[in-house]
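Coordinates in review
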Number of protein chains: 2
Amino acid sequence: MSIVFSFPAYETIANSIADEKDMQRGDVTIRQFPDGESYVRLNSPVQGQDVIIVCGLDKPDRKIMALMFFAHAAREMGAKSIGLVAPYLGYMRQDKKFQDGEAVTADIFAAFLSQIVDWLVTVDPHLHRHEKLNEIYSIPSIAIHANDLIAEWVRVNINRPLLIGPDAESEQWVSEVAKKAGAPFVILTKIRRGDRDVEVSIPNVATWHTHTPILIDDIISTASTMITTAEHLKEAGMKPPVCIGVHGIFAGDAYENLLTSGIENVITCNSIHHKSNGISIENIITHAVMNIKSNPGLLTI
Amino acid sequence: MSIVFSFPAYETIANSIADEKDMQRGDVTIRQFPDGESYVRLNSPVQGQDVIIVCGLDKPDRKIMALMFFAHAAREMGAKSIGLVAPYLGYMRQDKKFQDGEAVTADIFAAFLSQIVDWLVTVDPHLHRHEKLNEIYSIPSIAIHANDLIAEWVRVNINRPLLIGPDAESEQWVSEVAKKAGAPFVILTKIRRGDRDVEVSIPNVATWHTHTPILIDDIISTASTMITTAEHLKEAGMKPPVCIGVHGIFAGDAYENLLTSGIENVITCNSIHHKSNGISIENIITHAVMNIKSNPGLLTI
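**Examining the sheet that holds strand E2 (residues 23–25) of chain A**
Residues and elements named next belong to chain A. In space, the 6 strands of this open sheet follow the order E2-E1-E5-E6-E7-E8, with parallel pairing throughout. Bordering the open sheet on either side are E2 and strand E8 (141–144), each of which pairs with just one other strand. Each strand of the sheet is rotated relative to its neighbour by a mean of 20°, with strand direction disregarded. Pairing between strand E1 (residues 2–6) and strand E5 (residues 50–54): 5 bridges, direction parallel. Bridge assignment links phenylalanine 5 to a residue of E5, and that residue is isoleucine 53.

Shown next as structure tokens:
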């Protein structure tokens, strides 16, 4: 038997997994003391069971101690294994030293998380200089993709879409989504000067005036890239774009800033709970977890 | 040579240590990206050096990832050793399972921190069921005490003081501070019903009407205990008390609530940077660190 626990805000995904055969739902209390320390209590027995915990790692510093406490408590209570479903995986962006003396947090965080849990399932991790999670994660780590769901959403909801990828890195998956949605695409060139300072070059879009531009990115954090791009599209006489992000982090006022930047609307997957959620990933996550259950060989690296 | 780095808000203590012989000050950048992930860059070389990092562990979840990144980066850059000066040490309160299924965070956090750094110096850790840090920390861990400094502050600043300890646990050190300050003391009985719900019994204080009550505790977090006690003292016709905490955490509005609860004033040690700081601990910390430097034997458990 497996028992599925949820961090706050991941109940939909945990319930979807727990609805399957040989799965049950577990109950855990996770809260903060007034002094900012985390408290964790497992209210369901886990002796001899395969434990699955659903905990996205956006704002990872706020959750990682509680996740560590959860895993230690579960092991101490006799759990057979502990798997992590992290719909969003944090600390993937600093994947090299851009300057001397920098901590390569992607590597250090991966090593730490690999000590805490036994396997990992995540959705569209921000792989850039690394091709696969297992270059930095020493536990079996499975990345699933929201491409099909996004392509389907575009196909059903948008008339004459033009997919727009923000940078060269995005070409591979934007082209794939475009192909599946039966839509054309263009890729922009992005120069990042700081956390919030981004310049974007727009290729000749004059031929697409009758299309609805779909700005698509894996992570929407400050939304600077999308806001800048939306302004350029407007200057080029394009229609207001629809913005799609797999993961809507929306740092600070990013969501409000994006909504008021002359776009049509914003849609994200529910990997991070947010009012922009419009594409549900619980089915593909549940499928991935059940695939692991029936093919334990997937958990050998 | 040793090189001393500081997390934000611990510069005074780091500078005090770095002023000593064979010590130098290092520079580190620690900041958060808009998405809540931590960034760490060591701007000083540490090759072959003994590294000391000053980082208090109040609100520990906010800092612990950055501390882990700092330690990994320092080791990767060739540091000979990494010592942590944590003027306040977090996660000391959940030192047992009060209910089934609870994570014993004191033990888990201690094991984790023991993996990151090589030794630890702290001030008045909240030792309750454990007598010594080395029952949970596997690295050499030295606890120093602010008793003498507090006693001296009371002696110099208060006429006819009556020291008041909040609960049975506090008796040992409150009696010691009282003795050093040449003052009488009483110990209260505390019943805790929740994070912020505390009941306090006041013994007969009628004989102390002409004294200034000094409420003294190791940690002021919600300040519920001090506020409740201050109300009881008022009902008993005592003077408004002076409140002294070694560590002023002041969760939420605790400081404002305490100030307006009919007390005289609040004084804390600068283990946690706060406007109530009135007792400086950098000298006793520097002394402890220099003691370790000249007696490396202190670092064998």
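**Some words on the environment of B:Ser294**
All names here are of chain B. Residue position: serine 294 is located in helix H8 (residues 282–294). Considered as a pair, serine 294 and glutamate 256 are 38 residues apart in the sequence and their alpha carbons are 44 Å apart. In this structure the side chain of serine 294 is engaged in a polar contact, spanning 2.9 Å, whose partner is the backbone oxygen of methionine 290.

**Some words on the interface of chain B and chain A**
Taken together, the contact between chain B and chain A spans 47 residues of the former and 47 residues of the latter. Counting each side, the surface lost to burial between chain B and chain A is near 3,800 Å², with a carbon and sulfur contribution of 55%. For the interface between chain B and chain A, the tally reads 4 salt bridges. A salt bridge links A:Glu76 to B:Lys97, with the shortest nitrogen-to-oxygen separation between them at 2.8 Å. At the junction of chain B with chain A, the criterion picks out 20 residue pairs in polar contact (both at pLDDT 80 or more). Taken together, the elements giving at least two residues each to the side of chain B that touches chain A come down to strand E3 (28–32), strand E4 (38–42), helix H2 (60–76) and helix H3 (105–116) of chain B. When residues of the side of chain B that touches chain A are assigned to their parent elements, the largest contribution, 10 residues, is made by H2(B).

Rules used throughout
The numbers attached to residues start from 1 for each chain and follow its sequence in the written order. To read the labels, note that chains go from A and ligands from 1, taken in the order they are written. Note on the predicted model: pLDDT of at least 70 is required for a residue's local features to be given, and 80 or more for side-chain atom pairs to be given and counted; whole-chain, interface and lining totals, by contrast, use all residues. Side-chain measures were taken over the full set of non-hydrogen atoms in the model, leaving aside hydrogen atoms and water. Two strands form a pair only when DSSP identifies at least two bridges running between them. Only DSSP runs of H or I reaching four residues or more are called helices, and only runs of E reaching two or more are called strands; each is numbered from the N terminus. A fitted line through C-alpha atoms represents every axis, and for helices the fit uses only the stretch in contact; the resulting angles, taken between N-to-C directions, go from 0 to 180 degrees. Identification of polar contacts relies on pairs of N or O atoms within 3.5 Å, with a donor-acceptor requirement for protein atoms, meaning one able to donate a hydrogen and the other able to accept it, and with residues adjacent in sequence counted only if both atoms are side-chain atoms. Should any heavy atoms of two residues lie within 4.5 Å, those residues are counted as being in contact. When two parts are brought into contact, each loses some accessible area as probed by a 1.4 Å sphere; the total of that loss over both is the buried area. In what follows, salt bridge is the name for a side-chain nitrogen of Lys or Arg lying within 4 Å of a carboxyl oxygen of Asp or Glu.

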